[in-house]
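Observations on chain architecture
Here's the letter readout for the chains.
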Amino acid sequence: MDSKIDVFISSQSFQEEDLRGKTAVVVDVLRASSTMITALYNGAKGVIPVADMGDASKISQNLDSSHYLLSGEKDGVKIEGYDLGNSPLDYSREKVEKKTIILNTTNGTKAIKRAGLAEEIVIGSFLNLEALLDHLQAVETDIGLVCAGWKGRLALEDLLCAGNIIYELTGGNLPENVQDGAKVAFGLFEKFGDDIEQAVKTSNYAVRLKDIVSEEDISYCCQLNRMHVLPVMKEGIISDFYGKEE
Ligand SMILES: O=C(O)[C@H](CS(=O)(=O)O)OP(=O)(O)O
């Protein structure tokens, strides 16, 4: 592939202009990306990412309440009054089929909003790695892997997933002239890629949220290629690139 790949270690580690004209891949393994992928896999009509509760309530006022779910978390905990939090395991077909999800999370949805100048925004995680790679192998633009991180800081699970993406795209042979971010992500994957779940279970996230987020959630988000879903943003709404038009 001829595209250049860069990696941004958190949603605050780049200028919005840095993504102009690129394909941006927003990676928030724990948990916003994994939640969006699961929601679309289970038949949600679309996901509207919002930066805060104010935007969520403005958007919901223009929608029929039987057609949407207000979802999201603050510091890992479901926001009071919302229908769903940010655990992908809650986004069952029974709950989300045919619904539009208005999603408000601490890092993931903010990262998506900050990637607004990109030519295209897609969502990646371990769960949809293969579907994502199929798409990235064919894009003609440069690629910016945007790790959501945590409140402006690096999160191991996101950088590890970015490294996995780069490893696969380069066939395990990193060209010498890539950006430093791509080198670091690639190196992290070389070190921990053999046991992703174990590495993620010792991450800052797992320790910080051990009383809030279940181990089941973390194990679920570490699974490779569970779903052939590619969330792609169009006019403010994320839907499945491979999904059928109704
Ligand atoms: O809900 C999550 O898993 C995290 C919570 S925190 O910001 O890491 O405390 O939010 P996300 O936006 O999915 O990274």
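Refer to the preceding data block for the structure.
Below: a short report on this structure. (Residues numbered from 1 in each chain as written. Predicted model: local features only at pLDDT ≥ 70, side-chain atom pairs only at ≥ 80, totals over all residues.)

Details of the overall build of the chain
- For the chain, the helix and strand inventory stands at 10 helices and 10 strands.
- Since a compact globule built from 246 residues should have a radius of gyration of about 18 Å, the 17 Å found for the chain is in line with a globular shape.
- Counting only C-alpha atoms, the chain reaches 55 × 40 × 30 Å along its principal axes.
- For the chain, the proportion of its 246 residues judged to be buried stands at 48%.
- By sequence separation, contacts in the chain at least 24 residues apart represent 81% of the contacts at least 6 residues apart. (Helix = DSSP H or I, 4+ residues; strand = E, 2+ residues; numbered from the N terminus. Rg over C-alpha atoms; globule rule 2.2 N^0.38 Å. Buried ≥ 20, exposed ≤ 12 C-beta atoms within 10 Å, placed from the backbone. Contact = placed C-beta atoms within 7 Å.)

Brief notes about the site of the ligand
- Surveying the vicinity of the ligand reveals 16 residues, the closest of which are Arg31, Ala32, Thr105, Thr106 and Asn107.
- The residue makeup of the shell around the ligand, split by class, is 6 nonpolar, 6 polar and 4 charged. (Near = placed C-beta within 6 Å. Nonpolar A, V, L, I, M, F, W, Y, C, P; charged D, E, K, R; others polar.)

Focus on the packing of helix 6 (residues 156-169) against helix 7 (residues 180-192)
- Between helix 6 and helix 7, the least distance of the axes is 7 Å, while the angle of their chain directions is 95°. Taken together, the axis directions place helix 6 and helix 7 in an arrangement best described as roughly perpendicular. Each of Leu159, Leu160, Ala162, Gly163, Asn164, Ile166 and Tyr167 in helix 6 lies in contact with helix 7, whose residues at this interface are Ala182, Ala185, Phe186, Leu188, Phe189 and Phe192.
- The residue inventory of the contact of helix 6 with helix 7, partitioned by class, reads 11 nonpolar, 2 polar and no charged. (Axes fitted to C-alpha atoms, helices over the stretch in contact; angles between N-to-C directions. Parallel < 35°, antiparallel > 145°, perpendicular 65-115°, else oblique.)

Points about helix 7
- Between the first and last C-alpha of helix 7 there are 18 Å, a value that for 13 residues agrees with the 18 Å anticipated at 1.5 Å per step.
- Of the residues making up helix 7, those classed as buried are Gly181, Ala182, Ala185, Phe186, Phe189 and Phe192. Seen along its axis, helix 7 keeps its buried residues to an arc of 145°; they face one direction. Residues of helix 7 that are exposed and point over 90 degrees away from its buried face: Asp180 and Lys191. (Expected span 1.5 Å × (residues − 1). Arc of directions from axis to C-beta.)

As for the pairing of strand 3 (residues 46-50)
- Counted residue by residue, strand 3 has 5 buried out of 5 residues, so it is predominantly covered.
- Because side chains alternate across strand 3, one face comprises the buried residues Gly46, Ile48 and Val50, and the other comprises Val47 and Pro49, equally buried.
- Alignment of strand 3 against strand 6 (residues 100-104), held across 5 bridges, turns out to be parallel. Residue pairing in the sheet places Val47 in a bridge with Ile101 of strand 6. (Pairing = 2+ DSSP bridges.)

Quick notes on the environment of Glu216
- Tracing the sequence through the fold places Glu216 in helix 10 (residues 215-221).
- The exposure class assigned to Glu216 is exposed, which follows from the 10 C-beta atoms found within 10 Å.
- In this structure the C-alpha to C-alpha distance between Glu216 and Ser10, which are 206 residues apart in sequence, comes to 25 Å.

Some words on helix 5 (residues 129-136)
- By the burial criterion, the buried members of helix 5 are Ala131, Leu132 and Leu136. Down the axis, helix 5 shows its buried residues gathered within 130° of arc, on one side only.
- In the core, the buried residues of helix 5 are packed alongside strand 2 (23-27), strand 7 (120-124), strand 8 (143-147) and helix 6.

Describing the nonpolar core
- Counting 75 residues, the largest nonpolar core has Val25, Val26, Val27, Leu145, Val146, Cys147 and Ala162 as its most contacted members.
- Among the elements that line this core, the one with the most residues is helix 6, at 7 residues.
- Non-local contacts of Cys147, meaning those with residues more than four positions away in its chain, are made with Val7, Phe8, Ile9, Ser10, Val27, Ala155, Asp158, Leu159 and Ala162. (Core = buried A, V, L, I, M, F, W, Y, C linked by C-beta atoms within 7 Å.)

Some details on the packing of helix 5 against helix 6
- Where helix 5 contacts helix 6, the two axes come as close as 11 Å, and the packing angle between them is 50°. It follows that helix 5 is oblique to helix 6 by the angle criterion. Relative to helix 6, helix 5 is oriented so that their crossing is right-handed. Two secondary-structure elements touch here, helix 5 through Leu129, Leu132, Leu133 and Leu136 and helix 6 through Asn164, Ile165, Glu168 and Leu169.
- Classifying every residue of the contact of helix 5 with helix 6 by side-chain character gives 6 nonpolar, 1 polar and 1 charged. (Left-handed = near helix turned anticlockwise from the far one by under 90°.)

What is shown is where atoms sit, not what they do.
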